[in-house]
Amino acid sequence: QVRLVESGGGLVQPGGSLRLSCVASGSIFSIYVMGWYRQAPGKQRDLVATITSGGNTNYADSVKGRFTISRDNTKNTVYLQMNSLKPEDTAVYYCNQQKSPNIAYWGQGTQVTVSS
């Protein structure tokens, strides 16, 4: 069974940086689109960024220029480098693997808190 495990969350000050990691197992990692989503209390889960097997990326407007998604297929890992963090970036961040249009897998989430 596919398993996704996120790590790297924590408490950072506004303007700081953080790197999230997601390790995947139980699938042929290199062929799937991977993504990062986030969900703040009382809000829906929103797209942050995606990356295809070929390395094409897509970002939410709110994070463009500040966040970078990347993947290392030799390590079955996708990363999210977050710079110039703002309080509004505070959320639980989830890793996603889109196996097919009707089948997606999610990690357990990692908390990111941006506060003074």
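Above this note sits the structure.
About the cut-offs
- Residues numbered from 1 in each chain as written.
- Predicted model: local features only at pLDDT ≥ 70, side-chain atom pairs only at ≥ 80, totals over all residues.
- Heavy atoms only, no water.
- Buried < 20%, exposed > 50% of the residue type's maximum accessible area, 1.4 Å probe, protein only.
- Helix = DSSP H or I, 4+ residues; strand = E, 2+ residues; numbered from the N terminus.
- Pairing = 2+ DSSP bridges.
- Contact = heavy atoms within 4.5 Å.

### Structural notes on the pairing of strand 4 (residues 33-39)
Along strand 4, 5 of the 7 residues are buried, which leaves the element largely enclosed by surrounding structure. As paired strands, strand 4 and strand 9 (residues 91-100) are joined by 7 bridges and run antiparallel to one another. Across the sheet, Tyr37 pairs through a bridge with Tyr94, a residue of strand 9. Bridge count between strand 4 and strand 5 (residues 46-51): 5 bridges; the pairing is antiparallel. If you follow Trp36 over to strand 5, its bridge partner there is Ala49. Between the end of strand 4 and the start of strand 5, which pair antiparallel, lie 6 residues, with Gly42 showing a positive phi angle near 80 degrees.

### Quick look at the environment of Gly9
Inspection of the secondary structure assignment puts Gly9 in the loop between strand 1 (3-7) and strand 2 (10-12). Using a relative accessible area of 34% as the deciding quantity, one classes Gly9 as partly exposed. For the pair Gly9 and Cys22, spaced 13 residues apart in the sequence, the C-alpha separation amounts to 11 Å. Dropping the residues within four chain positions of it, Gly9 is found in contact with Leu18, Leu20, Thr110, Gln111 and Val112.

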